[in-house]
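Fold and geometry: a report
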Amino acid sequence: RPDRIMKSLDQINNALTFRQALQSTNPETLAEIKRANVKQSTYREVMAEVQGRGMRSISDLILGLPAETLESHVDSIHQLVDSGTAEMFNFQLMLLKGTELETEDSRTKYAFETRYRLIPRGFSLLGGQKVFETEEIVVSTSTLPFDGYVTARQYAFVFSVFWNNSWFEPPVRLAERHGVKRSEVLDAMLATVDRDQGPAGRIMKDFVSETVGELFPSREACVEYYSRDVNFERLELGDIGDNLLYKYRALASFFVWPEVCAVAFSAIRGLLRCRGVGMDDEFWENLRLYVELAHAHGETESEILGTRRAGFTYDIAAWIDNGRYEDPAPFRLANAQTFEFRLPDPFADEVRAALNVWGTDLKSLTRGVTRIRSLAQVRECRRVDA
């Protein structure tokens with residue numbers, strides 16, 4: 001009953017985030033797992049209402065459910081993106097003891113092939129004994145081959161790195177104005193980063209490698225691997241055994257952000273060119289630089305919290321604030337101007353506090369990235385007086 005949820009949000013002044021977990025939009029899958037979702041038309045109406053209130057919407061999908069194919073899973077992603085969902089979590093089907101899908105009948109019926117992996121940071125040394133918490137996940141079914149599973153995980157990577165925090169909303173909105181669907185942008189970002197030979201492409205290849213490498217054929221094999229002294233030491237150091245999506249989101253957000261920006265803008269520019277949309281090179285570079293500098297990033301606290309300055313020939317901030325994402329010509333400056341990008345004091349205090357707790361190295365940011373609001377990394381832009 002979305003209407004009741006929206007009424008409740010009204011009563012608490014939109015203090016909560018609207019979250020609609022779908023797991024899948026494939027009718028065959030929903031029938032197999034005895035689940036019913038709201039109609040897509042209703043979901044779109046709710047998303048429009050949520051966006052109109054300036055709220056963020058979140059949804060969930062589960063990879064590896066019965067009757068789900070790679071195509072139907074990707075179609076679910078497309079439907080959510082095109083409906084306006086701002087953030088999505090792509091979970092993997094975990095077989096929990098005592099559940100219907102964990103039974104031998106279900107395993108046989110759906111041809112479940114499973115692997116075991118360590119739950120992120122699910123280890124300890126208790127009384128001198130190494131203890132591990134593992135999970136059994138589905139990596140292949142009668143309708144989803146293992147290579148399809150890997151491709152779906154690449155979509156999860158792209159969604160986490162390029163989409164969940166609305167970092168590229170201005171160029172995405174511009175593409176929409178020219179008839180490009182959001183799902184097309186997502187697909188183009190995946191294809192572009194997959195081809196990229198630089199740091200952005202390398203982190204996705206590393207993500208895929210670690211995604212496959214963390215899977216073991218049995219719990220015993222998983223425990224034996226991490227019980228080795230050298231691997232247990234790596235666990236304690238945080239080199240392995242962490243949440244991979246958070247790890248690579250931290251990498252993208254702080255360490256290789258300029259390269260990630262370049263990939264995103266290349267993907268969107270390609271879509272516009274395919275539609276015959278001409279775009280002034282100078283404006284496009286101004287927009288890319290604006291998005292890059294408006295996001296607080298760096299490898300040290302001083303770099304992350306620091307102020308950046310750059311020269312612009314377009315007033316990009318005014319073009320975005322206009323909200324129409326149309327012809328940028330009226331926003332061209334008579335002369336190049338210097339603009340400053342600075343975290344507002346409350347945001348700087350929030351980020352500084354998080355960095356003081358978690359640190360600025362990769363393994364620390366992997367744990368801290370979910371504690372830092374995406375809004376808190378947004379720098380304000382102002383024109384610098386001559």
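Described in the following lines is the structure provided in the data block. Everything quoted here is computed from the prediction, not taken from an experiment. The numbers attached to residues start from 1 for each chain and follow its sequence in the written order. This being a predicted model, a pLDDT of at least 70 is required before a residue's local features are given, and a value of 80 or more before pairs of side-chain atoms are given or counted; all residues contribute to the totals for chains, interfaces and linings. Each side-chain value is worked out from all heavy atoms of the structure, with water and hydrogens disregarded.

Let's shift gears to the pairing of strand S5 (residues 129-140). At least two DSSP bridges between two strands are needed for those strands to be called paired. Elements are defined by DSSP. Helices are runs of H or I of four residues or more, strands are runs of E of two residues or more, and each kind is numbered from the N terminus. Bridge count between strand S4 (residues 113-126) and S5: 10 bridges; the pairing is antiparallel. By the bridge assignment, Thr-114 is partnered in S5 with Val-138. Between S4 and S5, which pair antiparallel and follow one another directly, the connecting turn spans two residues, one of which, Gly-127, has a positive phi of 60°.

Another aspect to go through is the pattern of salt bridges. Within this document, salt bridges are pairs made up of a side-chain nitrogen of Lys or Arg and a carboxyl oxygen of Asp or Glu, the two lying within 4 Å of each other. Evaluation of the coordinates by the stated rule reveals 29 salt bridges. Across the pair Glu-169 and Arg-182 runs a salt bridge, and its minimum N-O distance is 2.5 Å. With a gap of 13 residues between them, Glu-169 in helix H7 (residues 169-177) and Arg-182 in helix H8 (residues 182-195) connect regions that are remote in the sequence. Taking the shortest distance from any N to any O, the salt bridge between Arg-367 and Asp-242 comes out at 3.9 Å. Pair noted here: Arg-367 is in helix H18 (residues 362-368) and Asp-242 is in the loop between helix H11 (229-237) and helix H12 (244-255), with a separation of 125 residues, a long-range link.

Turning to the pairing of strand S2 (residues 57-63), a few remarks are in order. Regular strands have side chains that alternate between both faces of the sheet. Each residue gets one of three labels from its accessible area relative to the maximum for its type: buried under 20%, exposed over 50%, partly exposed in between, using a 1.4 Å probe on protein chains only. Among the seven residues that make up S2, seven are buried, leaving the element largely enclosed by the rest of the structure. Of the two faces of S2, the one holding Ser-57, Ser-59, Leu-61 and Leu-63 and the one holding Ile-58, Asp-60 and Ile-62 are both buried throughout. With five bridges connecting them, strand S1 (residues 18-23) and S2 associate as parallel partners. Opposite Arg-19, over in S2, you have Ile-58 as the bridge partner. A clockwise course of the path from the first strand over the helix to the second, judged with the strands pointing away from the viewer, identifies a crossover as right-handed. For the segment spanning S2, helix H4 (residues 70-83) and strand S3 (residues 87-92), crossover handedness is right-handed.

What follows deals with empty space enclosed by the protein. Here the term cavity refers to a set of points on a 1 Å grid, laid over the protein atoms alone, in which a 1.4 Å probe fits but cannot get out; the term pocket refers to an open set having protein on both sides within 12 Å along at least five of seven lines, with lining residues being those that place an atom within 4 Å of a point. Grid points are joined across faces, edges and corners, and a volume is the space filled by probe spheres set on the points. Under the defined criterion, the tally for this structure stands at one cavity of 30 Å³ or more. Here the largest cavity defines a volume of roughly 50 Å³. If you trace the largest cavity, you find it lined by Asn-165, Trp-167, Arg-249, Ser-253, Val-369, Ile-372, Ser-374 and Gln-377. Class assignment of the residues belonging to the lining of the largest cavity gives a composition of three nonpolar, four polar and one charged. Three classes are used: nonpolar for Ala, Val, Leu, Ile, Met, Phe, Trp, Tyr, Cys and Pro, charged for Asp, Glu, Lys and Arg, and polar for all others, with Gly counted as polar.

We now examine helix H14 (residues 281-294). Structurally, the α-helix is built with 3.6 residues per turn, so residues lying three or four positions apart point the same way. Given a rise of 1.5 Å per residue, 14 residues ought to cover 20 Å, and the 20 Å separating the end C-alpha atoms of H14 matches this to within 8%. The buried fraction of H14 is high, at 11 of 14 residues. Among all positions of H14, only Phe-283, Trp-284, Asn-286, Leu-287, Arg-288, Leu-289, Tyr-290, Val-291, Glu-292, Leu-293 and Ala-294 are buried. Should any heavy atoms of two residues lie within 4.5 Å, those residues are considered in contact. At its buried positions, H14 is contacted by H7, helix H13 (257-274), strand S6 (308-314), helix H16 (316-322), strand S7 (332-342) and strand S8 (380-383). Helix span, as expected, comes to 1.5 Å for every residue beyond the first.

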